[in-house]
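Working through the structure, step by step
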Amino acid sequence: MIAYLLRRLLFTVPVLIGISLITFVLIYFLPADPARMYAGPNASVDAVNRIRTQLGLDQPFYVQYGRYLERAVQGDLGYSYQLQMPVTQAILTRFPYTLQLTLAGIFVELLIGVPAGLLAASRRSTWLDGTSMVASLIGVSSPPFWLGLLMLYFFAFRLGLFPLGGAGSWQHLILPAVTAGLGGAGWYARMTRSSALEVLSADYVRTARSKGLAGGQVLRRHVLRNAINPIVTMVGMDIPWFIGGVVLIETVFAWPGIGRMMVDAILTDDVPLILGTVTFTAVLVVVSSIIIDIVQAMLDPRIRLR
Amino acid sequence: MRSHTDAPLPDADARALADAGSGTARGAVPETQFTLAWRHFKRDRLALAGGIFVLLLVLVAVLAPVLAPHDPAEQFAEGLTLDGLPVSSTLPESAQFPLGTDQNGRDLLSRIIYGARVSLTVGVLANVIAVTLGVLVGALAGYLGGWRGNSIMRFTDMMMAFPTLLLAIALVAVLRPSIWVIIFVIGAVYWTWIARIVYGAVRSLREREFVTAAVSMGAPTWRIVLRHLLPHLLPLVIVWASLGISTNVMLEASLSYLGIGVQPPTPSWGGMIQQGQSFYRAAPWLVIYPGLAIMLTILSFNLLGDGLRDALDPQQQRR
Amino acid sequence: MHPSRRPVTLRAIVLSILVSVVLAACGGGGASELGPADQGTSPPQATQREPGGNPPSAGGDIPRGGTLTIAYKDDLATLDPAVGYDWTNWPAEKMVFDGLLDYDDTTNLQPRLAESMPEVSPDATVYTFRLRQGVTFHNGREVTADDVAYSITRVLDPQTKSPGSGFYTGIAGAQDFIDGKADSVSGIRVVDPRTIEFTLESPDVTFGNKMALNFAFIVPKEEVERLGENFGHNPVGTGPFLFREWIAGRQLTFERNPNYFFEGLPYLDQVVIQVGVEPEVALLRLERGEIDSMGDPIPAAEFARIKDDDAWQGRLTSAPQVSTIYITMNTQMKPFDNVQVRRAMNMAIDKERIIRLLGGRGTVANQILPPLMPGYDQDYQGYEYNPDQARQLLADAGYPNGFSTTMECIAVEPQPKLCESFQQDLSKIGVQVQVQTLAASTVIADGGTEGKVPLVWSGGLGWIQDYPDPDDFYTPILSCVAAVPGGWNWPWYCNQDLEQKAQQAIGTTDTEQRLGLYREIYRTLMDEAVWIPVYNGQYDIAHSDKLVGKETDFAHPEHTIRYERLAKQP
């Protein structure tokens, strides 16, 4: 187990170097000039050059990258031009919002998806089954930004039930979380349904039923237990998806998370901030996959971590 | 089949793909089974509906000049109110605009019809790139195996650790938005998934007799990959082709919604929503109709893909 | 000009507003304050009690206390006055800091931290300021002339990376200091603890305006050094409000400075700036009474709805901006090297439709300077909208079938929609335009790259004055100095005659003569048709009926919103 963890962690090192290198190369080719963006329009060409030197942007590519790595190892991800604060600080102030939205979104997915899947499985081939499966596909197929705009329009603007975007209280969290969750709930529903069907048709469940075990008990005892592992896997896949893909929802709801900050950084050529956030999300992706592996091993003794 | 190093999903649809992969990877489908599959497929009403809608969509895209009531780029003087607002279709004087006009006084219906061209072009061509790249890389890595195959897949894993949407945004920013760049970028961010699935499939196929036989007969590597492995991956590719298009349509819409998509005046559904959203009170149709178009398109490709997966994989749980 | 630091709706276009009523009173465009003689001799208008003109509300008791909540789309970058350079952080910085000089209700300079207007040498090269007595920083220490010297030197110091350093390089010895050849700036001299003297390399009648810019706000050395790069997020100054709290991405809080040196100011107890609020959302919150004002322009779609709505009567403040939004044509690229082509382009744009697309906010522009800028040419008619004649001009120039070209625009609404309108207009004279919608940073980089992009739409990047002087439209964006890689002269037009005239103008102390020179310069530029001026903006601010203040407090030409002068009814 410990050897496994060490190996996985060791593998993250080349991944992170690779990711930061690729990002660095990409940014290097961005058409804009960060020094000029920083300097502003009244700055003379001299002033821009001075700022370029200050920022180390006149150095050759490999020197810039080397310096970046050297400082990154010490936990210094640089200073954001746009936000005028250290990148680490910027990430730490924004990340809690994204995490909040991610957890709430996954909660909504589970809250809708799992019961819907169980219901569909237990009423297999009825209109209930069909409807919930089509509904889940509609959720999956709706662009999150569109869904979010509709939510805002009806629930916040027309009905006035929720704030119109922004953050600060639990009411602010509901619409973005539901928007994020509705799309994903479809996948949970479909997966729960198929793993439930698998169990329901298995011999031991038929036996249990014939022995007179009530439907609810069967569901709890066998079906849920069997479905929990794929659900955990799915949650594990969800976390990175949320962190990378929640950009659109954060944009629609003006949610001050890391995704929106990253898009802004890309569009304003804020090099240190782009590098820092991309590397940070990559770390999250790798770490969450390790955690999921461990959780799975704990839940299912058949899985061994090698 | 979901591997333990699973990385960020490009989109929810990729999760379906993982299912698709697991289904077909288990057993290679002999070509004769396609007839069987078609019989299955015909009975699947939802999949048929999806397929029919896809066909309709293709027709609309091809026949756009015939179907659209107006030139999608024409900005009508009467298409704007005196205050510069879009015109609603409910007004008698604007009956010539069946779904109203947009923020530039253009006919919304015509733009949605032409928008199908963009969505389908991007969806299909980006898929061609993603599938080609993914199949080549995955098949190669799977066939080579050993440290070489392993390092190729490690690289793939690394690419998957990038947040997809952000990688796409950064790439578009560097290359500058145009329809061709969008196609290339979408292909370039989604190949990893196919590579991963194809890799798994090839790894299991490799152990089977017909490949071992070919190897023992001294066939060159490329020939084995091309002649023996690729055809067996066909069902997988077909399923991806359908599910992948829906993913690509979604990503194209998202990029356009963020304002870095297809360039004006070419109508793109995602871009139409972005440009129209500030009129949510005066002209909510600017957001509702293009969004419906995106949703129905993605839905029908998903239904089609699901149906294909079920049909092509007899071991899969059936509805 | 205030740059758009992020790709943001209209944000950059809006800084400067001149209330038309005031302007009418000034007759010739408010020009009289420009001469140094006037500056030196005009009696200080402000008394110790009331800076910045008259009391806020028209007579009666001004309510005290309360919290003003305002919403902006973008988070503020910094409150360090040496660094911040866009229109959301400038008014906020003004809460915490003061400069030596300030503006009254319009664009006339008046003393602020200075006791009176500076003494100016007859050739406009030596400016001497005397400080007000007994003004303290928020940390309790008294402000001295050393603080002034420190603050200006800090802006020039390359370590500060101040985008405003260019305004002060005219001070003698500044260049040597920047180049590291001197430890201090020789032209900045502390005469005594309350007196400071600036010596300039060459005459500059706009130096007083430059001392009223945020960059010249006075900061306490010990706090800057203590806080280091965090100073911008924990600002300490002399201003009417104390900085209290900053929740990144959500809101900033400021509290009344009980020891403010202008007795009686400010009226409010607290100002809360919410950030990350889209303008559409801000307007709805305002309608629901959740906030008191919105900082960004009202979205065009909404403006059309509310402008005639009775419920909004008295809650909208409209004022024209001192801004021109335009298309640049790269005079070094074919076919725009041909002046006939550039003139034809000028006649092809349906500017009225643009105004309509903007919901009626703005007026058609026919020249480079906006109407409210001193030096604006009342008699100049500009190019009329005439596609037929434009086609004829193109044919004469050798393009009977038109040509294809590229235009870059910022990818933030409403800019793409305006560019699509240009696209249609130009196609009518046979010019096929490929519109590229890009991030602001990319457009700026391309504009400043030689031979890179033929047409640039300035919307979203628009030129706004830093101070009310016609030079602000020439030297930074149309001079030869700016026609260099990385510069802002995107037409890449350089005319040595104009360059000389501009040099002459900046040292001319006689106002009429000076403005005459600028009229010649801008007429030549229009004759050469380096731009297509499209419209002059209009600024509309929406606020709750509880807020009390004059129009100019909501929409001041130099400060946008003046928090210190607004009051709120309970």
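What you see is a predicted model, and the numbers here were worked out from it, not measured in a lab. (Residues numbered from 1 in each chain as written. Chains lettered and ligands numbered in written order. Predicted model: local features only at pLDDT ≥ 70, side-chain atom pairs only at ≥ 80, totals over all residues.)

**Examining the overall build of chain B**
Operational definition: Helix numbers and strand numbers start at the N terminus; a helix is a DSSP run of H or I with at least 4 residues, a strand a run of E with at least 2. Exposure classes come from backbone-placed C-beta atoms, where a residue is buried if 20 or more other C-beta atoms lie within 10 Å of its own, exposed if 12 or fewer do, and partly exposed in between. What counts as a contact is two residues whose backbone-derived C-beta atoms lie within 7 Å of each other.
Scanning chain B from N- to C-terminus turns up 12 helices and 0 strands. When the helices and strands of chain B are read in sequence order from the N terminus, they spell out α-α-α-α-α-α-α-α-α-α-α-α. Counting all 319 residues of chain B, 59% fall into the buried class. Partitioning the intrachain contacts of chain B with sequence separation of at least 6 by distance along the chain shows that 75% fall at a separation of at least 24.

**Remarks on the overall build of chain C**
A count of helical and extended segments in chain C gives 17 helices and 20 strands. Counting all 570 residues of chain C, 62% fall into the buried class. Intrachain contacts of chain C at a sequence separation of at least 6 include 73% that bridge at least 24 residues.

**A look at the packing of helix α10 (residues 339-348) of chain C against helix α12 (residues 387-396) of chain C**
All names here are of chain C. Our working definition: Note on geometry: axes are lines fitted to C-alpha atoms, helical ones only across the stretch in contact, with angles between N-to-C directions running from 0 to 180 degrees. Here roughly perpendicular refers to angles of 65 to 115 degrees, roughly parallel to angles under 35, roughly antiparallel to angles over 145, and oblique to all remaining angles. In this scheme the handedness of a crossing depends on how the near helix is turned from the far one: anticlockwise by less than a right angle means left-handed, clockwise means right-handed. All residues other than Ala, Val, Leu, Ile, Met, Phe, Trp, Tyr, Cys, Pro, Asp, Glu, Lys and Arg, Gly among them, are scored as polar; the first ten of these are nonpolar and the last four charged.
Contact geometry of α10 with α12 gives a least axis separation of 8 Å together with a crossing angle of 165°. With respect to each other, α10 and α12 are oriented roughly antiparallel. Considering the relative orientation of α10 and α12, their crossing is left-handed. For the pair α10 and α12, the contacting residues are Gln340, Val341, Arg343, Ala344, Met347 and Ala348 in the first and Pro387, Gln389, Ala390, Leu393, Leu394 and Asp396 in the second. The class makeup of the residues in the contact of α10 with α12 is 8 nonpolar, 2 polar and 2 charged.

**A few points about the confidence of the model for chain B**
All names here are of chain B. For clarity, the cut-off: Residue-level confidence of the predictor, termed pLDDT, takes values from 0 up to 100.
For chain B, the mean per-residue pLDDT works out to 81, and 87% of the residues sit at or above 70. Predicted confidence in chain B is weakest over helix α1 (residues 12-26), with a mean pLDDT of 41, and strongest over helix α4 (residues 64-67), with 93. A low-confidence stretch, residues 1-29 (pLDDT under 50), is modelled with 86 contacts involving residues beyond four sequence positions or located in other chains. Segment residues 314-319: pLDDT under 50, and 10 contacts once partners within four positions in sequence are set aside and those in other chains are kept.

**A look at the interface of chain C and chain B**
Many structure descriptions define interface size as the accessible area lost when the parts assemble. Contact with chain C, which involves 27 residues of that partner, is made by 20 residues of chain B. For the side of chain C that touches chain B, the elements supplying multiple residues, two or more each, are α9 (300-306), α11 (351-357), α13 (415-427) and β15 (431-438) of chain C. Take the side of chain C that touches chain B: its biggest share by element is 7 residues, from α13(C). Grouping the amino acids of the side of chain C that touches chain B by side-chain chemistry returns 13 nonpolar, 7 polar and 7 charged.

**Regarding the sheet that holds strand β11 (residues 293-294) of chain C**
Residues and elements named next belong to chain C. So the rule is basically this: Pairing between two strands requires that DSSP report at least two bridges joining them.
Pairing in this open sheet of 5 strands is mixed, and the strands run β8-β9-β10-β1-β11 from one edge to the other. Edge positions in the sheet fall to β8 (241-247) and β11, since each of these pairs with one other strand and no more. Here strand β1 (residues 67-71) runs beside strand β10 (residues 270-274); their pairing, made up of 5 bridges, is parallel. Bridging across to β10, Ile70 finds its partner in Ile273. Contacts from helix α3 (residues 89-96) reach β8, β9 (251-256) and β10, with the element oriented near 130° to β8.

**Describing the environment of B:Leu108**
All names here are of chain B. Its location among the elements puts Leu108 in helix α5 (residues 108-144). Taking the C-alpha atoms as reference points, Leu108 and Arg281, separated by 173 residues in sequence, lie 17 Å from one another. If we ignore the near neighbours within four places in the chain, the residues touching Leu108 are Phe97, Leu99, Gly100, Thr101, Asp102, Trp285 and Tyr289.

**Here we look at the sheet that holds strand β6 (residues 188-192) of chain C**
Residues and elements named next belong to chain C. One open sheet accounts for 4 strands, arranged β4-β5-β7-β6; its pairing is antiparallel. Every interior strand has two partners, whereas the edge strands, β4 (119-120) and β6, have only one. Pairing analysis gives 5 bridges linking strand β5 (residues 126-130) to strand β7 (residues 195-199), with the strands arranged antiparallel. From the neighbouring strand, Tyr127 faces β7, where its bridge partner is Phe198. Of the strands in this sheet, β6 and β7 are in contact with helix α4 (residues 145-156), which crosses β6 at around 175°.

**Brief notes about the packing of helix α12 (residues 258-268) of chain A against helix α7 (residues 164-175) of chain B**
Orientation of α12(A) relative to α7(B), taken along the N-to-C sense of each, is 10°, at an axis distance of 10 Å. By the angle between their directions, the pair α12(A) and α7(B) is classed as roughly parallel. Contacts from A:Met262, A:Val263, A:Ile266 and A:Leu267 in α12(A) reach B:Leu166, B:Ile169, B:Ala170 and B:Ala173 in α7(B).

**Regarding the interface of chain A and chain B**
In this complex, chain A contributes 44 residues to the contact, which on the side of chain B involves 41 residues. Looking at the side of chain A that touches chain B, the elements that each hand over two or more residues are α1 (2-28), α6 (127-141), α7 (144-158), α8 (170-200), α10 (215-245), α11 (247-253), α12 and α13 (271-299) of chain A. No other element matches α10(A), which puts 8 residues into the side of chain A that touches chain B.

**Here we look at α12(C)**
Residues and elements named next belong to chain C. So the rule is basically this: Here the arc refers to the set of directions running from the helix axis out to each C-beta atom.
All buried positions along α12 are accounted for by Ala390, Arg391, Leu393 and Leu394. The arc that holds every buried residue of α12, seen down its axis, measures 160°, which confines them to one face. Its buried side turned inward, α12 meets α10.

**Notes on the pairing of strand β14 (residues 403-410) of chain C**
Put simply, side chains in a regular strand alternate between the two faces of the sheet. Residues and elements named next belong to chain C. Counted only if it meets this: Seen with the strands pointing away from the viewer, any crossover whose path from the first strand over the helix to the second strand runs clockwise is right-handed.
Note that β14 and β15 share 8 bridges and pair parallel. The partner of Thr405 across the bridge, within β15, is Val433. Considered for its hand, the β-α-β crossover made up of β14, α13 and β15 is right-handed. As paired elements, β14 and strand β16 (residues 455-457) share 2 bridges and run parallel to each other. For Met407, the partnering residue across the bridge sits in β16 and is Leu455.

**A look at the nonpolar core**
Residues and elements named next belong to chain B. Rules: Put simply, a nonpolar core is buried Ala, Val, Leu, Ile, Met, Phe, Trp, Tyr and Cys residues tied into one set by C-beta atoms within 7 Å.
Ranked by size, the top nonpolar core spans 340 residues in total, and within it Ala168, Ile169, Ile186, Ile194 and Val198 carry the most contacts. Here the element with the most residues in this core is α5; it accounts for 18 residues. Setting aside chain neighbours within four positions, we find Val198 in contact with Gly134, Val135, Gly138, Ala139, Gly142, Leu233 and Leu236.

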